[in-house]
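# Summary of the model geometry
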Amino acid sequence: MSQVVGYELRGNIGVITVDNPPVNALGKDVRAGLVAALEQGLADDGAKALVLVGAGRTFIAGADIREFGKPPAEPSLPDVITRYDEADKPVVAALHGTALGGGLEVALGCHYRVAVPGTKVGLPEVKLGLLPGAGGTQRLPRLVGAQKALELIVSGEFVAAPKAAELGIVDEVIEAESPLEAGLQFAEKVTSEKRPLKRVRDQEEKVAADRGNEALFDEFRKGLEKKARNLFSPFKIVDAVKAAVDLPFDEGMQRERELFRECLESPQRAGLVHAFFAERQIGKIPGLAADAKSREIKHVGIIGAGTMGGGIAMNFVNVGIPVTLLEVKQEALDRGLAVIRRNYENSAKKGRLTQAQVEQRMELIRPSLDYGDFADVDLVIEAVFENMDVKKQIFGKLDEVCKPGAVLASNTSTLSIDEIASATKRPEDVVGMHFFSPANVMKLLENVRGEKTSDEVIATVMSVGKKIKKVPVLVGNCYGFVGNRMLHKRGAEAMTLVNEGASPAEADSVLTGLGFPMGQFAMSDLAGIDVGYLIRQERRKAGEDVPASWMDKLYEAGRLGQKTQAGVYRYEEGSRKPIPDPEVDKLIEEFRKEQGITPREISKDELLERQMYIMINEGAKILEEGIAIRASDIDVVWIYGYGFPAYRGGPMFWADQVGLDKILDRVKEFHARFGDAWKPAPLLERLVREGKKFGDL
Ligand code: 3HC
């Protein structure tokens, strides 16, 4: 008998248990084991019915994602499920935890499904660039109708047990001590009542009702054109569900198989699976002491009630952690609290929160004008403006008032954590927690490790990051850390491209073409033209050679971006849509004249290469310096912090697909043409020499 699937007789019920930690994924051993255990159960005269259950924390969470892209191994999942479907004894799937993807498909192939409260079910294959390929697109519509099936499969949404019962996906939610108990109870009922086998494949009523309803599918596709324009698998899902409605079951299954293979082979699947594993790698920190325990964070202090501080505070109160919010002036405090309240009230208007929840959350925020109120906090996050002297003063003060063991974090986006830490006598407790704006929405959190930050503090900020539902990535200390360091390189290059002759809209369009939600200049307008201007001015003051720019002229003309309805683009009242503005074209032309530049036409390829390869080259430097632990961490930063399309796997994965040799050739060429900004990263040169990719590191 297989190690990962067991069979035993309990009274007159045969129990099949999948035991393949951590999530009982359907690798080839599990598939073979499922067939063997079924055969044993069917041959067992003592078993009147069978119960299928998962050991450990969950039922089956899906196909084994690590097998995608490898040669298929028998038995295939659809074949396994057909065996269960065709069994001549009733098979009850007893669900707990998360029954997802192939796991739910196995359950749909059983004759009955029960769940314990707290179970979630779903077909999330779309998030991996796939569609349910083991009957999910054929069986689910037979239970819930085509419309609901489309909604569930295209969103990949998880459905809680009570809702799943209401929809008819599970037959009953049973309060029992264990899923096995629930399964046994139900199986006994089925045998004692001699219920007939209920096969989902035979339930024709719902799909028959949708047959001929072309409008349903047309409408759904139209919606996708808006929401999922660049994606591959959602459209294939519509084709597959349509096949469930139009074709007899077996033919529908065949069609599903073909469409599944198309998705499996698509580059989007490769990118999304990479992103899935990349996200699960970020918590693995080589060299961190094994006994580095995370400190308990029960109360947080935040300095600065501006946009950042307020947004950061919301993350904590959203998960029930009280926050003391500190400002220097009462008016600033009142203003900050009013913004937070308005955000919550807006969520309430949209039905996402009740008014009582709004009040509960507001009550968890304790406004303060006194550092003394930080005496008991476990974590402080400083979120004031970017000025080293001010930050050092604040950290000196924190050192005086905070209890020993409190974690002292700065939300700086560019400044040195080590220098900030030097203002305290406890640099081991100082760390960066760099949130992205709007901080209550954006998922990325760059946790910045200083030279002296202790392992315990690192473990704490990584775990608290997860607790507040962020995607925390540990990065090293340098100007801009990972994300902004790469972004600023791209920003400078985009500005130069416009100097040379491109229009801002042309430069942006290659990035949106790649799948970014917006290009560099639309992003500058969102962040505020003043932000970049002030950074350039600071660098000029510090004696750096930062050349004059047409973007300085925008600032001087009061075009500060979306907030003034004019920046690189213009904006109509109440709209965030960037519209190219002839005024800006004029200003750029003037600038070129002043600088003696004769504009030239720049190809789309060059626009893309110069904006992307400069980032990749910088990413290679970041890796080499150990600022990022892994290339895939950089991918996570860009997917969650800057909207890099997950279906391309992140910039470093994308670079591997483009070919590092091709990229290096161009980097060298640009280096010769444009100078030091393009100095090839030694790591990139080494990888090319060795015929390797970032993914091989
Ligand atoms: N295959 C292989 N490994 C998997 C896996 C899967 N389907 N699902 C999770 N894992 C691994 C993770 O990589 C992680 O491994 P690690 O500890 O070595 O890093 C471990 O299981 C635990 O996963 P999480 O850290 O994500 O644990 P959580 O408790 O936070 O979440 C979960 C659990 C909700 C099950 C989440 O892991 C998840 O969403 N998994 C993917 C589910 C999915 O997409 N299923 C569909 C697969 S495609 C399919 O079934 C095709 C079929 O239609 C033919």
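Residues numbered from 1 in each chain as written. Predicted model: local features only at pLDDT ≥ 70, side-chain atom pairs only at ≥ 80, totals over all residues. Heavy atoms only, no water.

### Comments concerning the sheet that holds strand β8 (residues 159-160)
Spatial strand order, β5-β7-β8: 3 strands in an open sheet with mixed pairing. Both edges of this open sheet fall to β5 (98-100) and β8, since each of them pairs with a single strand only. Direction of pairing for strand β7 (residues 120-122) relative to β8: antiparallel, over a ladder of 2 bridges. Paired with V121 across the strands is V159, a residue of β8. Contacting β5 and β7, helix α3 (residues 102-109) crosses the sheet at an angle of about 85 degrees to β5. (Pairing = 2+ DSSP bridges. Helix = DSSP H or I, 4+ residues; strand = E, 2+ residues; numbered from the N terminus. Contact = heavy atoms within 4.5 Å. Axes fitted to C-alpha atoms, helices over the stretch in contact; angles between N-to-C directions.)

### Some words on the packing of helix α27 (residues 651-658) against helix α28 (residues 660-674)
At a minimum axis distance of 6 Å, the contact between α27 and α28 shows a crossing angle of 95 degrees. Considered as vectors, α27 and α28 are oriented roughly perpendicular to each other. Where α27 approaches α28, its residues A655, D656 and V658 are matched on the opposing element by L660, K662 and I663. Residue classes in the contact of α27 with α28 are distributed as 4 nonpolar, no polar and 2 charged. (Parallel < 35°, antiparallel > 145°, perpendicular 65-115°, else oblique. Nonpolar A, V, L, I, M, F, W, Y, C, P; charged D, E, K, R; others polar.)

### Details of the domain arrangement of the protein chain
Domain parsing of the protein chain yields domain 1 (5-264), domain 2 (300-475) and domain 3 (483-626 + 659-696). Here domain 1 and domain 2 have C-alpha centroids that lie 43 Å from each other. (Domains from an automatic or database assignment.)

### What about the pattern of salt bridges?
If you walk through the whole model with that rule in mind, you get 53 salt bridges. The network of salt bridges with shared partners includes E493, E500, R600, E606, E609, R610, R666, E669 and R673. (Salt bridge = Lys/Arg side-chain N within 4 Å of Asp/Glu carboxyl O.)

### Remarks on unusual backbone geometry
With omega at -10 degrees, the peptide bond leading from E74 into P75 counts as cis. Within the fold, P75 resides in the loop between β3 (49-54) and α2 (77-86). Put simply, S437 and P438 share a cis peptide bond, and its omega is -10 degrees. Relative to the assigned elements, P438 resides in the loop between β15 (430-435) and β16 (444-449). One non-glycine residue, N24, lies in the positive phi region at around 55 degrees. The class for N24 is buried, based on a relative accessible area of 1%. Although it is not a glycine, K469 sits at a positive phi angle of roughly 70 degrees. The exposed category is assigned to K469, whose relative accessible area is 56%. (Buried < 20%, exposed > 50% of the residue type's maximum accessible area, 1.4 Å probe, protein only.)

### So, the site of the ligand
Taken together, 24 residues surround the ligand, and among them R57, E105, E125, R280 and K284 come closest. E105 places a side-chain nitrogen or oxygen 2.7 Å from an oxygen atom of the ligand. Separating an oxygen atom of the ligand from a backbone N or O atom of G133 is a distance of 3.1 Å. Calculation on the ligand without its partners gives an accessible area of 990 Å², and the protein chains cover 76% of this total. Contributions of two or more residues to the shell around the ligand are made by β5, α3 and α12 (267-281). Taken together, the residues of the shell around the ligand break down into 13 nonpolar, 5 polar and 6 charged. (Near = heavy atom within 4 Å. Polar contact = N/O pair within 3.5 Å; in protein donor to acceptor, adjacent residues only side chain to side chain. Areas by Shrake-Rupley, 256 points an atom, 1.4 Å probe, with all protein chains shown as cover.)

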